[in-house]
Amino acid sequence: MIPEWLKAGLWGLLSGGALLIGASFGYFVNVPQRFIATVMAFGSGVLFSALSFELVDEAYQTGGIDATALGFLGGAGVYTIVNYWLSRQGAKHRKRSGQQQTSEQDQAGSGLAIAIGALLDGIPESIVIGLSLIGGKGVSVVAVAAVFLSNIPEGLSSAAGMKKANRSMKYVLGIWGGIAIASGVAALVGYTVFQHYSNDVIAATSAVAAGAILAMLVDTMIPEAFEEAHEFAGFITVVGFLLAFMLSKMGG
C-alpha cells in the first residue's frame, strides 16, 4: 500500500506535470495567441470555482470565519507584495504569450525573476492538494483536476512568451520541469507538516493558499485571457467555472 505522504507527493507531481505538458506545446507548437487566451480563460474559471467551493468553503467549515478571513487576506497580501517586487525585476508578464515578456538583454536578472515568479504561482496550489489528504478522507479530486486543467494553459502561455523573448529550450523546459517536481514536494510538505496541527491552522493555511491563488489569477492569468479573447473571455471563464462546480458536486 502506498503511504499517504507519498500519495500527496505523487498527486502534486501529477498536477504540476501539466505545466510541463503545456510548456512543451507552447514552445514547440505554433499555437495561436487567441487559442492560448481562450484556454487561459477556461483555466481561470476552473480555479475560481475550486477556490469558491473547495478551498474557501472547506476552510470555513473547518476553522470558522476568523481563520478563513485572516488566512485569505494574508495569502493575497503576501503574494501581492512578492509579485510586486518580482514585477520590478522583470517578471511582470511571465504568463503572457505575446511579445510582452522581458528578455535578459532588456533587463539583467529577469530570467531568475521569471523562474521565481513561476514558482510563486504554483506552490500554493500544490500545498492545497497535500492538505486535502489530511484526515484520511482521500485527495480532493476536484482540487487536483482544477490545478491540472489550469496548469496546462499557464505553461502554454508562459512558454510561448518565453520563446518570443529568446529564452532557450533548456531554460523554458528546465523551469517548468523543476516546478513540476517542486509541486510534488510542496504537496508532500503540505501533508506531512500540517497533519498534526489543529483544524484552525489547517483552515488558515488553506485560506492563505486560496488568497494567493485568487491574487495570482487576477494579476497574471486574467490579463492574458482578456487581451486576445475579450469578446468571449467572460463566457469561457463561466464554462470553466461551471465544469469545476459540477465536478465538485459529483465528488461530494
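Residues numbered from 1 in each chain as written. Predicted model: local features only at pLDDT ≥ 70, side-chain atom pairs only at ≥ 80, totals over all residues. Heavy atoms only, no water.

Chemist: Help me out: how do you make sense of the nonpolar core in this one?
Modeler: Counting 21 residues, the largest nonpolar core has Leu 47, Leu 51, Leu 55, Ile 213, Met 216, Leu 217 and Met 221 as its most contacted members. Broken down by secondary-structure element, the contributors of at least two residues to this core are helix H2 (33-91), helix H6 (199-229) and helix H7 (233-251). With nine residues, H6 is the largest single contributor of residues to this core. Beyond its immediate stretch of four places on either side in the chain, Leu 47 contacts Glu 125, Ala 146, Ser 150, Glu 154, Ile 213, Met 216, Leu 217 and Met 221. (Core = buried A, V, L, I, M, F, W, Y, C linked by side-chain atoms within 4.5 Å. Buried < 20%, exposed > 50% of the residue type's maximum accessible area, 1.4 Å probe, protein only. Helix = DSSP H or I, 4+ residues; strand = E, 2+ residues; numbered from the N terminus. Contact = heavy atoms within 4.5 Å.)

Chemist: Would you explain the environment of Gly 177 in this entry?
Modeler: Looking at where Gly 177 falls in the secondary structure, it is placed in helix H5 (residues 169-194). The exposure class of Gly 177 is buried, given its relative accessible area of 17%. Separated by 161 residues in the primary sequence, Gly 177 and Gly 16 place their C-alpha atoms 8.6 Å from one another.

Chemist: What is the right way to look at the environment of Gly 184 in this model?
Modeler: On the secondary structure map, Gly 184 appears in helix H5. The exposure class of Gly 184 is buried, given its relative accessible area of 7%. A sequence separation of 171 residues divides Gly 184 from Leu 13, and the C-alpha atoms of the two residues are 4.0 Å apart. Filtering out sequence-adjacent residues up to four positions away, Gly 184 remains in contact with Gly 9, Gly 12 and Leu 13.

Chemist: Mind showing me how you'd approach the packing of helix H1 (residues 4-28) against H5 here?
Modeler: Two quantities define a packed helix pair, namely the angle between the helix axes and the distance between the axes. In the contact formed by H1 and H5, the axes pass within 7 Å of each other and the chain directions differ by 160 degrees. Judged by the inter-axis angle, H1 sits roughly antiparallel to H5. Our pair here, H1 against H5, has a crossing hand that is right-handed. Per-class residue counts for the contact of H1 with H5 are 18 nonpolar, nine polar and one charged. (Axes fitted to C-alpha atoms, helices over the stretch in contact; angles between N-to-C directions. Parallel < 35°, antiparallel > 145°, perpendicular 65-115°, else oblique. Left-handed = near helix turned anticlockwise from the far one by under 90°. Nonpolar A, V, L, I, M, F, W, Y, C, P; charged D, E, K, R; others polar.)

Chemist: Would you mind going over unusual backbone geometry with me for this structure?
Modeler: Only a minority of non-glycine residues have a phi that is not negative, and only a minority of peptide bonds are not trans. Positive phi is not limited to glycine here, since Asn 166 has a value of about 65 degrees. Owing to a relative accessible area of 66%, Asn 166 belongs among the exposed residues under this scheme.

Chemist: Would you mind showing me how to read a nonpolar patch on the surface here?
Modeler: A grouping of Ile 2, Trp 5, Leu 6, Leu 10, Leu 13, Ile 181, Val 185, Val 189, Val 193, Tyr 197 and Val 201 is seen on the molecular surface, where their side chains present a nonpolar patch of about 920 Å² in accessible area. Elements that contribute at least two residues to the nonpolar patch include exactly H1 and H5. Residue position: Trp 5 is located in helix H1. (Patch = residues over 30% accessible without salt bridge, like charges linked within 9 Å, V, L, I, M, F, W, Y side chains within 5 Å. Areas by Shrake-Rupley, 256 points an atom, 1.4 Å probe, with all protein chains shown as cover. Salt bridge = Lys/Arg side-chain N within 4 Å of Asp/Glu carboxyl O.)

Chemist: I tried to follow the packing of aromatic side chains on my own but got confused; where do I start?
Modeler: Aromatic rings in a pair are described by how distant their centres are and how their planes are angled relative to each other. All chains considered together, the criterion is met by four aromatic pairs. Among the aromatic residues, those joined into a ring-pair cluster are Phe 53, Phe 241 and Phe 245. The ring of Tyr 27 carries the charged tip of Lys 163 above its face, separated from the ring centre by 5.1 Å. Sitting over the face of the ring of Tyr 171, Arg 167 holds its NZ or CZ atom 5.3 Å from the ring centroid. (Phe/Tyr/Trp six-rings, centres within 6.5 Å; stacked < 30°, edge-to-face > 60°. Lys NZ or Arg CZ within 6 Å of the ring centre and 35° of its normal.)

Chemist: Please clarify how the UniProt feature "transmembrane region" (unreviewed entry) in the protein should be interpreted in this entry.
Modeler: The UniProt record annotates "transmembrane region" (unreviewed entry) at residues 6-28, 35-53, 65-86, 129-150, 171-194, 200-218 and 230-248. Within the segment residues 65-86, helix and strand shares are 100% and 0% respectively, and the terminal C-alpha atoms sit 31 Å apart. Taken end to end, residues 200-218 is 100% helix and 0% strand, and its first and last C-alpha atoms sit 27 Å apart. (UniProt positions renumbered as here; feature names shortened; annotations may be inferred.)

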